[in-house]
Amino acid sequence: MKRPPGPFRPGFWRSPLRGPWLTSVLGSLLLPLLLIVGATGFLSHTAYQPDLGHNAILDPTHDFQPFIFSWPTSPSWLYALNQGLHVNVGIVAVPLLLAKLWSVIPRLFAWPPVKSPAMAVERASLLLLVGGALFEFATGILNIQVYYPWHFSFLQAHYYGAWVFLAALFAHVTVKTPVIVRAFRERGVTRPLRQRLRDTAAEPYEPDGLAPADPADPTLSRRGLLGLVGAGSLTLLAVTAGETIGGPLRRVALLAPRGRVFGTGPNDFQVNKTARTAGIPPGSTGDSWRLALDAPQPLSFTREQLLRLPQHTYDLPIACVEGWTTMQRWTGVRLADLAEMAGAPPGMLMRVESLQPRGAFRQVTLNHDQSHDPRSLLALKVNGVDLSLDHGYPARLIVPALPGVHNTKWVKAIRFVEA
Ligand SMILES: Nc1nc2c(c(=O)[nH]1)N[C@H]1C(S)=C(S)[C@@H](COP(=O)(O)O)O[C@H]1N2
Ligand SMILES: [Mo]
């Protein structure tokens, strides 16, 4: 087979920076970030408690979900930390990932495309690796911008995509470890970073390798390249992290979802879905609203009656799967008090349902720790005033360390179901 022209020719790729050392450094920096993003991704799935009720899109009996355990309620910022890491570390990894792909791009045009069965297997695994990485990053980033339009397909695709990607990554790291060890042994781990621009020479050319056959003059040193990547990562972090950690950085969180609805006064904090978009029937939140406790002793409360029960106030975060977090002061009735009043037998799980007519997350089933933590509230007020309609008036769920999406708004009923 004749070698096609252009990028298939060894002389086409001329950057003197490309070579096994550069790719080894980029890969070694990227790997820990990918492991953090992977681990926090699976932990987030655990936090949804997909083994209970309809808590997650994935089917608890048929889907492959090995890391399920009872998600704790303490510390209350656990889920905020988990998602903060998942989203922020993922975003920081983007420039490194792009640099890593740039460093190996000549291999995409290897000729002939397949020389041996071993090479066919290797290339297929690289397809899963690169395709998986691009897919996971693209779906994740789209998701943190506009979550709901992608809901159903996103969750399953991002979850199974993660398995494919991490399996391919595991194979890749196994195969490449000797290459990395050799590159660092020959060139030193950091020695090439001490070279200035005019000392920057290409790594030795090897057929089918990464270093160029016909290197051009350097326009950037290796430390310059890493500096550029690092600056890109830090810039992305600066315009994202504010949505997670708050403070002055929140104002420059340009990459965080903008244009979301906020309330006024004490209700002035992010709203993910308004009552209107959730389709809450306008009449259903007025004076006719009742909280139904569906238990051995069915009970029903008006909002006034709930306000006459013992009230408790806690500062708790809402931590969205999309990475934003907001800490507010919530007041309401303890879930444990409601369970006791309803005479719920021990071992029954609490299921909280919303007035919302449609949508995947209009109900949640809590594990025992979640329904019995003293800070778990059916909140009626926030920051000293009634909840706004968009924050879940007449009543909403607030549970420490629960994924934001499970803090159900516009609650209409609490049921006690068999575990
Ligand atoms: N019934 C209902 N509850 C809901 C939602 C929803 O769409 N419907 N959105 C959830 C999501 S994704 C989050 S992050 C939090 C956001 O709460 P907030 O809008 O008061 O900030 O509410 C949760 N509660
Ligand atoms: Mo959310």
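This section reports on the structure supplied with the text.

So, the pairing of strand β12 (residues 411-417)
Of all seven residues making up β12, five are buried, and the element is well covered by its neighbours. As defined by bridge partners, strand β3 (residues 291-294) adjoins β12 across three bridges and the pair is classed as parallel. Bridge pairing in β12 places Ala 292 opposite Ala 413. Here strand β7 (residues 349-354) runs beside β12; their pairing, made up of six bridges, is antiparallel.

Quick look at the packing of aromatic side chains
In this structure the tally under the stated criterion is 13 aromatic pairs. Seen in terms of ring centroids, Trp 13 and Phe 109 are 5.7 Å apart; in terms of plane orientation they differ by 25°. Their pairing is stacked. Taken together, the residues span a long stretch of sequence, with Trp 13 in the segment before α1 (20-47) and Phe 109 in the loop between α2 (78-108) and α3 (117-145) at a distance of 96 residues. A network of ring pairs unites the aromatic residues Phe 42, Phe 64, Phe 67, Tyr 159, Tyr 160 and Trp 163 as a single cluster.

Considering the pairing of strand β8 (residues 363-366)
A two-sided burial pattern is seen for β8, the buried positions comprising Gln 363 and Thr 365 on one face and Val 364 and Leu 366 on the other. In terms of strand pairing, β7 meets β8 through four bridges, oriented antiparallel. Residue pairing across strands places Glu 353 opposite Gln 363, the latter belonging to β8.

Things to note about the side chain of Thr 73
Locating Thr 73 in the fold gives a position in the loop between α1 and α2. There is a polar contact of 2.7 Å between the side chain of Thr 73 and the side chain of Asp 373. With near-sequence residues (within four places) excluded, Thr 73 lies in contact with Asp 369, Gln 370, Asp 373, Arg 375, Val 399, Pro 400 and Ala 401.

Considerations on helix α5 (residues 222-238)
For α5, with 17 residues, the first-to-last C-alpha span of 24 Å sits near the 24 Å given by 1.5 Å per residue. Every buried residue of α5 is accounted for by Arg 222, Leu 225, Leu 226, Val 229 and Ser 233. Projected down its long axis, α5 shows its buried positions confined to an angular sector of 95°, all on one face. Across from the buried face of α5, at angles greater than 90 degrees, the exposed residues are Leu 228 and Leu 234.

Topic: the packing of α2 against α5
It is at 8 Å that the axes of α2 and α5 come closest, and there the two elements cross at 155°. Here α5 runs roughly antiparallel to α2, going by the angle between their axes. Seen from above, α2 lies across α5 with right-handed handedness. On α5, the residues touching Asn 88, Ile 91, Val 92, Pro 95, Leu 96, Ala 99 and Trp 102 of α2 are Leu 225, Val 229, Gly 232, Ser 233, Leu 236 and Leu 237. Its residues assigned to classes, the contact of α2 with α5 shows 10 nonpolar, three polar and no charged.

Some points on the environment of Trp 410
Here Trp 410 shows up in the loop between β11 (396-398) and β12. For Trp 410, a relative accessible area of 2% gives the class buried. Along the backbone, Trp 410 and Ala 275 are 135 residues apart, and their C-alpha atoms lie at a distance of 8.3 Å. Engagement of the side chain of Trp 410 in a polar contact is seen with the backbone oxygen of Leu 389, the distance being 2.7 Å.

About the thresholds
Each chain carries its own residue numbering, running from 1 in the direction its sequence is written. The naming scheme follows written order: chains are lettered A onward, ligands numbered 1 onward. Selection of residues for local features in this predicted model requires a pLDDT of at least 70, selection of side-chain atom pairs for listing and counting requires 80 or more, and totals for whole chains, interfaces and linings are taken over all residues. Side-chain numbers come from the whole structure's heavy atoms, not from hydrogens or water. For the exposure calls, accessible area comes from a 1.4 Å probe over protein chains only, and a residue counts as buried if that area is under 20% of its type's maximum, exposed if over 50%, partly exposed in between. Starting at the N terminus, helices and strands are each numbered in turn, a helix being any DSSP run of H or I of at least four residues and a strand any DSSP run of E of at least two. Pairing between two strands requires that DSSP report at least two bridges joining them. Aromatic pairing here means that ring centres of Phe, Tyr or Trp (its six-membered ring) are within 6.5 Å. Orientation follows from the plane angle: under 30 degrees is stacked, over 60 is edge-to-face, and everything else is tilted. Identification of polar contacts relies on pairs of N or O atoms within 3.5 Å, with a donor-acceptor requirement for protein atoms, meaning one able to donate a hydrogen and the other able to accept it, and with residues adjacent in sequence counted only if both atoms are side-chain atoms. What makes two residues a contact is simply this: any of their non-hydrogen atoms within 4.5 Å. In this analysis, the expected span of each helix is defined as 1.5 Å times one less than the number of residues it contains. Note: the arc covers the axis-to-C-beta directions of the helix. A fitted line through C-alpha atoms serves as each axis, taken over the contacting stretch for helices, and the angle formed by two N-to-C directions is quoted from 0 to 180°. What sets the label is the angle itself: under 35 degrees gives roughly parallel, over 145 gives roughly antiparallel, 65 to 115 gives roughly perpendicular, and the rest give oblique. Definitions for this section: a left-handed crossing has its near helix turned counterclockwise from the far helix by less than a right angle. A right-handed crossing has that turn clockwise. Note on residue categories: nonpolar means Ala, Val, Leu, Ile, Met, Phe, Trp, Tyr, Cys or Pro, charged means Asp, Glu, Lys or Arg, and polar means any other residue, Gly included.

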